[in-house]
Amino acid sequence: MKTPLLLLCMSLLLIGNINAAKTKQKTSLLSRVMPLGGELSAGLRFGGASGLSIKKYAKNNKSALELVTAFNFFNANERMRMNFLYEKLTPITKNKRLSALIGGGVGMKFDPYCLGIVGTLGFDWRITDKLNMQLDWQPTWLFIGKDDFYGMNSGYSIRYNF
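Residues numbered from 1 in each chain as written. Predicted model: local features only at pLDDT ≥ 70, side-chain atom pairs only at ≥ 80, totals over all residues. Heavy atoms only, no water.

Asks: Please explain the environment of S53 as it appears in this structure.
Replies: When you line up the elements, S53 lands in strand β2 (residues 50-57). Residue class for S53 comes out buried when judged on its relative accessible area of 0%. Here the alpha-carbon distance between S53 and S41, two residues 12 residues apart in the chain, equals 8.1 Å. Excluding residues that lie within four positions of it along the chain, S53 makes contacts with S41, A42, G43, R45, E66, L67, V68, S157 and R159. (Helix = DSSP H or I, 4+ residues; strand = E, 2+ residues; numbered from the N terminus. Buried < 20%, exposed > 50% of the residue type's maximum accessible area, 1.4 Å probe, protein only. Contact = heavy atoms within 4.5 Å.)

Asks: What should I look at first to understand the side chain of T128 in this one?
Replies: Assignment of secondary structure puts T128 in the loop between β6 (114-126) and β7 (131-137). In terms of polar contacts, T128 uses its side chain to reach the backbone amide nitrogen of K130, at 3.1 Å. A distance of 3.1 Å separates a polar side-chain atom of T128 from the backbone nitrogen of L131. (Polar contact = N/O pair within 3.5 Å; in protein donor to acceptor, adjacent residues only side chain to side chain.)

Asks: Quick question: what am I supposed to make of the pairing of strand β8 (residues 140-144) here?
Replies: In the case of a regular strand, side chains alternate between the two sheet surfaces. Bridging between β6 and β8 involves 4 bridges; their strand directions are antiparallel. For G116, the partnering residue across the bridge sits in β8 and is L142. Relative to strand β9 (residues 148-150), β8 runs antiparallel, the two being bridged by 3 bridges. The residue bridging W141 from the neighbouring strand is F149, located in β9. The hairpin turn running from β8 into β9, its antiparallel successor, is 3 residues long, and G145 in that turn takes a positive phi close to 100 degrees. (Pairing = 2+ DSSP bridges.)

Have a look at this one:
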């Protein structure tokens, strides 16, 4: 009597494990559930000002800080620039992977040194737990050192999440 009961219990456990394994195999990278918030990501930005982008998400996934160091390749007279931005994230999908973003911060240009403000507007998409993409527009108004406005600074960033 103990042997058939033991076999029945082992069979049920084995069937449960097989079903769980099949469920994991059917789940693609894009539909994996990951905890959002608190990630640090770094990667490349391409566009009006191209360079490096480092972004730190808040643990509550409602905001982020981003540092962009870039060169403007369209104008040979401009050197390196840096933007330090605070971004407010608003999820637009149920799984909260795609968010609209709006924010602002400080912008600097070197050689000659200029300082001003930067706005940002765009979309942030966390494709997987390790890959992030962003499409944004960052108009910049420099008013200390030289009075300039750059309205055509749109870009595409692809980052790796740590």
